[in-house]
Amino acid sequence: MAQAKEGGCMCGAVRYRVEGDPLAVVNCYCTDCQHISGGAFVTALLLPRPAVTVTQGKATGFTGTAESGDQVTRSFCRDCGAPLFSELSANPDLMVVKLGSLDDPKPYSPSMSIWTSSALGWAHIDPNLPQFPKNPPLG
Ligand SMILES: [Zn+2]
Ligand SMILES: [Zn+2]
């Protein structure tokens, strides 16, 4: 049983706590993750929604239609812009936490690569991890 982990945005206005182990840790190569990260992919923890508690401040959400066609709300700190969470309309029991927002992300490493069909040509996709061209089967 993993200890509770804490994380937050860059400026410290928004803080959260995560209980337990993630269901998966994904490298997501979708075009939305490219956009929101300003890079080639996002690494994120998939957690049961009750595992994540915001303990300070409030993340600002932006809801848009993701590459999957589903509504996705991506939350960030309004003050510093750091991306924190995503919530998926298609999977409301799930909370997605951006790995780099954890105080100590080192214990986690990716368990799968998703949306590889949208990856940039030069992106290195770990050949040792399961790959899914679009969303992975969950549950
Ligand atoms: Zn902030
Ligand atoms: Zn993505």
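What this report covers is the structure whose coordinates are included nearby. (Residues numbered from 1 in each chain as written. Chains lettered and ligands numbered in written order. Predicted model: local features only at pLDDT ≥ 70, side-chain atom pairs only at ≥ 80, totals over all residues. Heavy atoms only, no water.)

1. So, the coordination of the zinc ion (ligand 2)
Under the convention used in this document: For Na, K and Ca the donor cut-off is 3.2 Å, and for all other metals it is 2.8 Å, counting N, O and S atoms only; because water is absent from this set, sites may look incomplete. Each residue is assigned to one of three classes by its accessible area relative to the maximum for its type, calculated with a 1.4 Å probe on protein chains only: buried under 20%, partly exposed between the two thresholds, exposed over 50%.
At this site the zinc ion (ligand 2) is bound by Cys28 (SG), Cys30 (SG) and Cys33 (SG), with donor distances of 2.1 to 2.3 Å. The sequence pattern formed by the donor residues of the zinc ion (ligand 2) is C-x1-C-x2-C. Across the pair, Cys33 and Cys30 agree in class, each one buried.

2. So, the coordination of the zinc ion (ligand 1)
Quick reminder of the rule: Think of it this way: with four donors and all angles in the 85 to 135 degree range, the site is tetrahedral; with four or six donors, opposite ones beyond 155 degrees and the rest between 65 and 115, it is square planar or octahedral; otherwise it is irregular. Counting from the N terminus, the helices are DSSP H or I runs at least four residues long and the strands are E runs at least two residues long.
Distances from the zinc ion (ligand 1) to its protein donors, Cys9 (SG), Cys11 (SG), Cys77 (SG) and Cys80 (SG), fall at 2.3 to 2.4 Å. In this structure, the zinc ion (ligand 1) is coordinated by 4 donor atoms arranged in tetrahedral fashion, with angles at the metal of 103 to 117 degrees. Between the donor residues of the zinc ion (ligand 1), the gaps in sequence give the motif C-x1-C-x65-C-x2-C. On the criterion of sequence distance, the pair formed by Cys9 in the loop between strand E1 (5–8) and strand E2 (15–18) and Cys77 in the loop between strand E7 (71–76) and strand E8 (83–88) is long-range, its members being 68 residues apart.

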